[in-house]
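Results of the structural survey
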Amino acid sequence: METVDLQEKRLRIIEDCLAARKPRIEANKILKQNNLKELEGGEKDCYDVVFNCNIGKSIRDKIIAGCLLQGMTRTDANLEIINNNFRKMDEKEGENYDDYLSRLRYFGTGIFKIIKKEKILPTRNEIIKNAIRNSLPTDSVNKKLVQNNFDPLSDTEDEKYRKEYNEYHHKRQTILRQAYEEEKTIPEVNKILFANKQEKLSFVEEMDFQKERGKIQSKRRDNLIKECLEERMSLHQINVILNNNSFDRLSEQEYDKLKIYITKGSNNKKSTELSDQFRTLYRSAIKKYHPDHFSDKEKKELATLRMQEINEAKEKSDYFLLKELILKFDEQDKDQ
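This section reports on the structure supplied with the text. Fair warning: this is a prediction, and the values are worked out from it, not measured in the lab. Here, residues in each chain are numbered from 1, in the same order as that chain's written sequence. The predicted origin of the model limits local features to residues at a pLDDT of at least 70 and limits the giving and counting of side-chain atom pairs to 80 or more, whereas totals for whole chains, interfaces and linings rest on all residues. Processing note: side-chain calculations cover all non-hydrogen atoms of the structure and skip hydrogens and water entirely.

Here's the deal with the overall build of the protein chain
In this description a helix means any DSSP run of H or I spanning at least four residues, a strand means any run of E spanning at least two, and both kinds are numbered starting from the N terminus. On a plain count of helices and strands, the protein chain comes out with 17 helices and zero strands. Note on classification: 1.4 Å probe, protein chains only; a residue is buried when its accessible area is under 20% of the maximum for its type, exposed when over 50%, partly exposed between these limits. Counting across all 336 residues of the protein chain, residues that qualify as buried make up 34%. Here, residues are in contact when the closest pair of their heavy atoms is within 4.5 Å. Expressed as a percentage of contacts within the protein chain between residues at least 6 apart in sequence, the contacts between residues at least 24 apart total 60%. Put simply, the protein chain shows about 22500 Å² of open surface, and 49% of that area lies on carbon and sulfur atoms. Note on areas: Shrake-Rupley, 1.4 Å probe, and residue coverage restricted to the protein chains presented here.

Printed below as a string of structure tokens:
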């Protein structure tokens, strides 16, 4: 009986320490003063989880802690996180979660009686900040506040909420728009958001971000194919260019469609004409390498040979060959 009474006394002291938000070191001091066993092993983990639930943690961290306290698996915890419009745990967080959960289950037998009494509730300020992040109108904010036994927004708070809402989302959208254009990865975007005191991308935002990036890359790929077609490139050459620019090769459907387009184009008289881009490059080459521009005999002979190659590229209407020749000639002149 005495042992049972001591256990109950010990749990009561631990519960009082948690209620008073005393760190584990102080709780151990009090237990020692009462000649009771200090927190050890998994009990320390249990105590720390409960202690940290409502102190200096984000709402996402609190949700994770709450899932731990309820003994939820990593999969169920991730579903709970996503349902609250936050990103799920990454691999490292998930591994830590599994390790923590196993220790809590193994060691936390007695202290779980206390854990069940703990209820993780967000503060009023946290509800308002989370509402800004989730783009909630003021009516929805007031509803959430009342549900959690808080007063609704006052007129002054309502005005402040609208101002902070606009500032937060304007800044966020500017960051995301720039990230789309620069083709940043999700981890890179999250780093930028963190540096600007913004929440990381939510699960929904990650999905939208991937879609937006996909649209931009698809548009760039289409433009590149269009440029290749304008320069009369073969389907094989187009695939090489796409591969060199880290794009997917032509699909079977695209291949068949472009094959018909190229075949029709080869029978069209207009298609044999040089493009404006090719003409500009060809004229530039003539000005630079035509033999008439040189009086020195050796330079004149070299220019004659070069113009032969340039005219061969012209006959083939091969823009990229002409460009490579000009670059090669420029390098040769630099070395001399």
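Re helix α2 (residues 24-33)
Residue pairs three or four apart in sequence face the same way in an α-helix, which turns once every 3.6 residues. Three or more residues of α2 are buried, namely Ala27, Asn28 and Leu31. For α2, the arc enclosing every buried residue in end-on projection is 100°, short of the 170-degree limit, so these residues lie on one face. Residues Ile25, Lys29, Lys32 and Gln33 are exposed on α2 and point more than 90 degrees away from its buried face. The directions from the helix axis to the C-beta atoms form the arc being described.

A look at the packing of aromatic side chains
For this analysis, a ring pair means two rings from Phe, Tyr or Trp (six-membered ring only for Trp) whose centres lie within 6.5 Å, classed as stacked if their planes differ by under 30 degrees, edge-to-face if by over 60, and tilted for the remaining angles. Under the criterion given, the structure shown has two aromatic pairs. When the centroid spacing of 5.2 Å and the interplanar angle of 75° are considered together, the rings of Tyr289 and Phe329 count as edge-to-face. Of this pair, Tyr289 sits in helix α15 (residues 276-289) while Phe329 sits in helix α17 (residues 319-335), and the two are 40 residues apart along the sequence. On the basis of relative accessible area, Tyr289 is assigned to the buried category, the value being 2%.

Quick notes on the side chain of Asn142
Relative to the assigned elements, Asn142 resides in helix α9 (residues 138-147). In this structure the side chain of Asn142 is engaged in a polar contact, spanning 2.7 Å, whose partner is the backbone nitrogen of Leu153. For Asn142, the contacting residues outside a window of four places in its chain are Pro152 and Leu153. In protein, a polar contact means a hydrogen-donor-capable atom and an acceptor-capable atom, both N or O and within 3.5 Å, with residues adjacent in sequence counting only if both atoms are side-chain atoms; elsewhere, any N or O pair within 3.5 Å suffices.

So, the pattern of salt bridges
Any carboxyl oxygen of Asp or Glu within 4 Å of a side-chain nitrogen of Lys or Arg constitutes a salt bridge here. Tallied over the entire structure, the rule returns 10 salt bridges. The salt bridge involving Glu91 is made with Arg74; its shortest N-O contact spans 3.8 Å. Note that Glu91 is positioned in helix α6 (residues 91-107) and Arg74 in helix α5 (residues 74-83), a separation of 17 residues in sequence.

Considerations on the nonpolar core
Core analysis: the biggest nonpolar cluster contains 13 residues, and Tyr282, Tyr289, Ile310, Leu322 and Ile326 have the highest contact counts within it. Looking at this core, the elements with two or more residues in it are α15, α16 (297-316) and α17. Each residue touching Tyr289, except ones within four places of it in the same chain, is listed here: Phe294, Ala303, Arg306, Met307, Ile310, Ile326, Phe329, Asp330 and Asp333. Counting residues in each nonpolar core, the second largest holds 12 residues, with Leu224, Cys228, Leu242 and Leu250 among its members. Take the buried Ala, Val, Leu, Ile, Met, Phe, Trp, Tyr and Cys residues and link them wherever side-chain atoms come within 4.5 Å; each set so joined is a nonpolar core.

Comments concerning α16
Helices are assigned an expected span. That span is 1.5 Å times one less than the residue count. In this model α16 runs 29 Å from its N-terminal to its C-terminal C-alpha over 20 residues, within 8% of the 28 Å that 1.5 Å per residue would give. All of the buried residues in α16 are Ala303, Arg306, Met307, Ile310 and Ala313. For α16, the angular spread of buried residues about the axis comes to 115°, placing them on one side. In α16, the exposed positions that point more than 90 degrees away from the buried face belong to Lys297, Glu298, Glu315 and Lys316. Between a side-chain oxygen at the N-terminus of α16 and the backbone nitrogen of Glu298 the separation is 3.2 Å; the capping residue is Asp296.

Quick look at the packing of helix α10 (residues 155-181) against helix α11 (residues 186-195)
For the pair α10 and α11, interaxial distance at closest approach is 11 Å and the crossing angle is 150°. Judged by the angle between their axes, α10 and α11 are roughly antiparallel. Remark: the crossing between α10 and α11 carries right-handed chirality. On the side of α10, the interface is formed by Arg172, Ile175, Leu176 and Ala179, while α11 contributes Val189, Ile192 and Leu193. Here the term charged refers only to Asp, Glu, Lys and Arg, the term nonpolar to Ala, Val, Leu, Ile, Met, Phe, Trp, Tyr, Cys and Pro, and the term polar to all other amino acids, Gly among them. A per-class count over the contact of α10 with α11 returns six nonpolar, no polar and one charged. What counts as an axis is a line fitted to C-alpha atoms, over the stretch in contact for a helix, and the angles between N-to-C directions run from 0 to 180 degrees. Comment on the angle field: the value is read as roughly parallel under 35 degrees, roughly antiparallel over 145, roughly perpendicular from 65 to 115, and oblique elsewhere. Put simply, a crossing is left-handed when the front helix is turned counterclockwise from the back one by less than a right angle, and right-handed when it is turned clockwise.

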